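In case you want the letters, here they are:
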Amino acid sequence: MRVRHLLRKLGFYAVAAWIAVTLNFVLPRLIPGDPVQLMMSRMAASGPVTEGQEKAMAAMLGLGHGNLLQQYGDYLSSLARLDFGLSTTYYPAKVSDVVAHAVPWTIVLVGLATLLSVALGITLGTLAGWRRGGRLDALVPSATFLAAVPYFWAALILLYLCTQVWALAPSSGGYDETYTIGLNTRFVVSAVQHGVLPAITIVVASVGGWMLGMRNMMVSTLAEDYVIAAEAKGLRPRTVMVRYAARNAVLPSVAGFAITLGFIVSGSLVMEIVFSYPGMGYTLLQAVTNNDYPLMQAIFLMITFAVLVANFLVDLLYSFVDPRTREATS
Amino acid sequence: MTATATALAAPPDDTAAARGGRLRAALRSGRLRAGLGIVAVLALTAALGPLFLGDPDAVSQDLSQAPSAAHWLGTTQTGQDVFTQFVVAARGTLLIGATSALIATAVSAVVGIGGGFLGGLTDEALSLLSNIFLVIPGLPLVIVVAAYVGAGTGATILVIALTTWAASARVLRAQTLSLRTRDYVLAARLYGESRRRIVLVEILPNELAIIVSQFIFAVIFAVLTQAALAFLGLDDPSNLTWGTMLYFAQNADALTGGAWWWFIPPGLAIAVLGAALSLISFGLDEVLDPRLRARRRRP
């Protein structure tokens, strides 16, 4: 039963991945005219283009020779070899190398900040929902306000205050470029210094949403009969709050986390652009402004796959946590 | 349990008297009144404001001036009146937000409840559809599409709607999966009620609170996404919104140049709109779910 459930899920995510890959194949066809020629000329205007580049890109974009089916085959095989060609923005670096350099920055900074934000938000939401109408609950409207602030706007104001008015933090980049990347103290300290301000903006911007969702589910769950029964049994309030109410109220947040994991990569985009942080988002914008189509495609696929894998994992987790979902789907 | 308390709530009583009572109860909620008040003021401003003001793009000799009696919110680098731009932009922002959210909510209700209730192959297909839309992260997709073909207002609305509906469809599906195994739904089935009636009468009313709050949050999400897109220069800059105002302000280094009156108001307005919408959502939760309203405060 368990294995079948797992295989079925795996199968569906494989189909979803295939459709995402195919979408990436279709997108360049939206360009009117001959996309390869157009892109080659745009790329040539902003960076050097090599001999093999045209062929590599035609294959990558699925616009090579032969009929549609052959083109699709070329596209899939270059994808399987992770051969995205060369980047014009970071010439003569390979696209796959550029992406590999960008990924860790995004995962470490945005990942840690998001985990912190989730833990903080769920804890605060549990307490606010438990003491409905209490002091913490009175803060909820302000948390709502924080969740509705345009992220880049708040980040720019914070950046302005912390770099120009008070000179507390470095204004851009991921580390002081006089140091070499590696496990040496000076680099790590520099990277942390550069990371604190972006991380704070992510936590401040997202904690309100988690708190709000958890608080509302707490309020709903507290009205359930089993919570009232637990109270009537004379269990300690703490036990009722954590084991009975919060444990059930957290489920939508678990389901919501799948979606958020996807947004970790894409949401960091704006943060990285505001802070010129050398992760995926910043690299994507560089690719777009420089008409670096191979790099753009690689990053888009990368983000899409990250989201797919995350969804699969959370789906598995969710069916463990909530058995009824499993019964209903099997 | 994924269930909210609404799941166990009594079937809605639709007599006129009960509805009037509920409306009165709703307006007793301070949060709902405040939220509705703010949204009403903003909507009226957006609808009527531009009629009383001149051309938002008109330039003048007053360059980068601080707020004064002549220019309530100062002027831009090229001497445009920020207040006029602000009011006209409210219209563009609200239209994009409301339209995208309406499309997204309608699609998510059909897909989420339909799939969750019917189960089987239909559910698999619709889940797959939701998952595909979920796995395409909105912002990168729009950036890539814009890089290929360029973006306009209609395209922005569609892309925002298409990247929003999947998340709430998933929430509604999860809720429906949980509801359909409840005793009262089983009872209705045994009783021989038609599927349509079970969905419309037993399930839909008990998810109304979620649908309304999904719509409200879809509006907030749409406004924020549009602002981010415009800020990145990926929305049509000729359609004035709070997002495009921020784009122009940032390009003119308004904040670092000290022109806070140009940079602060649009962002603040988006935040106030979002907060007001959330307040409405809170208030409605209390109205649609009597048990939340009646519940005493916990010690």
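Given the structure is predicted, the values throughout are model-derived calculations rather than measurements. (Residues numbered from 1 in each chain as written. Chains lettered and ligands numbered in written order. Predicted model: local features only at pLDDT ≥ 70, side-chain atom pairs only at ≥ 80, totals over all residues. Heavy atoms only, no water.)

Draft legend 1. Just the overall build of chain A, in detail. Helix and strand counts for chain A come out as 15 helices and zero strands. Sequence separation of 24 or more characterises 69% of the internal contacts of chain A that already satisfy a separation of 6 or more. A total of about 15300 Å² of accessible surface is found on chain A, and carbon and sulfur atoms cover 67% of it. (Helix = DSSP H or I, 4+ residues; strand = E, 2+ residues; numbered from the N terminus. Contact = heavy atoms within 4.5 Å. Areas by Shrake-Rupley, 256 points an atom, 1.4 Å probe, with all protein chains shown as cover.)

Draft legend 2. Seen up close, the overall build of chain B. Of the regular secondary structure elements, chain B holds eleven helices and zero strands. Secondary structure of chain B in N-to-C order comes out as α-α-α-α-α-α-α-α-α-α-α. Counting every position in chain B, which comprises 299 residues, the buried fraction comes to 53%. If you sum the accessible surface of chain B, you get close to 12900 Å²; carbon and sulfur atoms cover 67% of it. (Buried < 20%, exposed > 50% of the residue type's maximum accessible area, 1.4 Å probe, protein only.)

Draft legend 3. Molecular detail of the nonpolar core. A:Phe152, A:Val274, A:Phe275, A:Met296, B:Trp242 and B:Phe263 are the most contacted members of the largest nonpolar core, which has 101 residues in total. No other element matches helix H8 (residues 195-231) of chain B, which puts ten residues into this core. Excluding its chain neighbours within four sequence positions, the residues that come into contact with B:Phe263 are A:Trp153, A:Leu156, A:Ile157, B:Leu246, B:Ala249, B:Gln250, B:Ala254 and B:Leu255. One finds A:Met218, A:Val240, A:Ala249 and A:Leu251 within the second-largest nonpolar core, a separate group that totals 20 residues. (Core = buried A, V, L, I, M, F, W, Y, C linked by side-chain atoms within 4.5 Å.)

Draft legend 4. Seen up close, the packing of aromatic side chains. Residues and elements named next belong to chain A. Applying the stated criterion across every chain yields a total of nine aromatic pairs over all chains. Each ring, one from Tyr13 and one from Phe312, has its centre 5.5 Å from the other, and the planes form 65 degrees; the classification is edge-to-face. Of the two residues, Tyr13 is situated in helix H1 (residues 2-26) and Phe312 in helix H14 (residues 293-321); the sequence distance between them amounts to 299 residues. For Tyr13, a relative accessible area of 8% gives the class buried. By relative accessible area, which is 13% here, Phe312 ends up buried. Ring centres of Phe25 and Tyr75 lie 5.2 Å apart, and the angle between their planes is 50 degrees; this geometry places the pair in the tilted category. In this pair, Phe25 is assigned in helix H1 and Tyr75 in helix H4 (residues 68-80), connecting sequence segments 50 residues apart. Overall, the relative accessible area of 0% leaves Tyr75 in the buried class. What links up through ring pairs into an aromatic cluster is the set Phe25, Tyr72 and Tyr75. (Phe/Tyr/Trp six-rings, centres within 6.5 Å; stacked < 30°, edge-to-face > 60°.)

Draft legend 5. How the structure looks around the UniProt feature "transmembrane region" (unreviewed entry) in chain B. Residue and element names in this part refer to chain B. Per the UniProt record, "transmembrane region" (unreviewed entry) is annotated on residues 32-53, 94-121, 128-149, 155-172, 208-232 and 260-288. Its end C-alpha atoms 31 Å apart, residues 32-53 is made of 95% helix and 0% strand. End-to-end, the C-alpha atoms of residues 155-172 are 26 Å apart, and along that stretch the chain is 100% helix and 0% strand. (UniProt positions renumbered as here; feature names shortened; annotations may be inferred.)

Draft legend 6. Geometry of the environment of B:Val144. Along the chain, B:Val144 falls in helix H5 (residues 138-149). Its relative accessible area of 2% is what places B:Val144 among the buried residues. When residues no more than four places from it in sequence are discounted, the contact partners of B:Val144 are A:Leu27, A:Met296 and A:Phe300.

Draft legend 7. Seen up close, the side chain of A:Thr22. Residues and elements named next belong to chain A. When you line up the elements, Thr22 lands in helix H1. A residue is classified by how much of its surface remains accessible, and Thr22, at 19% relative accessible area, is buried. Polar side-chain contacts of Thr22 include one of 2.7 Å to the backbone oxygen of Trp18. Side chain to side chain, Thr22 and Tyr72 meet in a polar contact 2.8 Å long. (Polar contact = N/O pair within 3.5 Å; in protein donor to acceptor, adjacent residues only side chain to side chain.)

Draft legend 8. Inspection of a nonpolar patch on the surface at higher detail. All names here are of chain A. Together, Leu146, Val188, Val192, Val196, Ile200 and Val204 make up a nonpolar patch on the protein surface, roughly 450 Å² of accessible area in all. It is helix H9 (residues 185-222) that contributes the most residues to the nonpolar patch, five residues altogether. Assignment of secondary structure puts Leu146 in helix H7 (residues 140-148). Judged by relative accessible area, which is 38%, Leu146 ranks as partly exposed. (Patch = residues over 30% accessible without salt bridge, like charges linked within 9 Å, V, L, I, M, F, W, Y side chains within 5 Å. Salt bridge = Lys/Arg side-chain N within 4 Å of Asp/Glu carboxyl O.)

Draft legend 9. Here's a closer look at the pattern of salt bridges. Residues and elements named next belong to chain B. Overall, the coordinates contain two salt bridges over all chains when judged by the stated rule. Note that Asp123 is salt-bridged to Arg173, the shortest N-O span being 2.8 Å. Taken together, the residues span a long stretch of sequence, with Asp123 in helix H4 (residues 120-135) and Arg173 in helix H6 (residues 153-179) at a distance of 50 residues. Residue classification places Asp123 among the buried residues on the basis of a relative accessible area of 5%. The residue Glu193 makes a salt bridge to Arg197 at a minimum N-O spacing of 3.6 Å. On the basis of relative accessible area, Arg197 is assigned to the partly exposed category, the value being 42%.

Draft legend 10. The arrangement of unusual backbone geometry in detail. Residues and elements named next belong to chain A. Even without a glycine there, the phi angle at Ser276 is positive, about 50 degrees. In this structure, Ser276 sits in the loop between helix H12 (251-275) and helix H13 (280-289). For Ser276, a relative accessible area of 26% translates into the label partly exposed.

Draft legend 11. Local environment of the side chain of B:Glu124. Inspection of the secondary structure assignment puts B:Glu124 in helix H4. When near neighbours in sequence (up to four residues on either side) are disregarded, B:Glu124 contacts A:Arg8 and A:Phe12.

Draft legend 12. Just the environment of B:Val223, in detail. Residues and elements named next belong to chain B. Assignment of secondary structure puts Val223 in helix H8. Taking C-alpha positions, Val223 is 9.6 Å from Thr241, a pair spaced 18 residues apart along the chain. Residue contacts for Val223: discarding those within four places in its chain leaves Thr93, Gly97, Ile270 and Leu273.

Draft legend 13. Quick peek at the packing of H6(B) against H8(B). Residues and elements named next belong to chain B. Interaxial distance between H6 and H8 falls to 9 Å at its minimum, and their mutual angle equals 155 degrees. With respect to their mutual orientation, H6 and H8 come out roughly antiparallel. For H6 against H8, the interelement crossing comes out right-handed. Contact with H6, carried on its side by Thr156, Ile160, Thr164, Ser168, Val171, Leu172, Gln175, Thr176 and Leu179, involves Ile203, Asn206, Glu207, Ile210, Ile211, Gln214, Ala218, Phe221, Ala222, Thr225, Gln226 and Leu229 of H8 and no other residues of that element. When the residues that make up the contact of H6 with H8 are grouped by side-chain class, the tally is eleven nonpolar, nine polar and one charged. (Axes fitted to C-alpha atoms, helices over the stretch in contact; angles between N-to-C directions. Parallel < 35°, antiparallel > 145°, perpendicular 65-115°, else oblique. Left-handed = near helix turned anticlockwise from the far one by under 90°. Nonpolar A, V, L, I, M, F, W, Y, C, P; charged D, E, K, R; others polar.)

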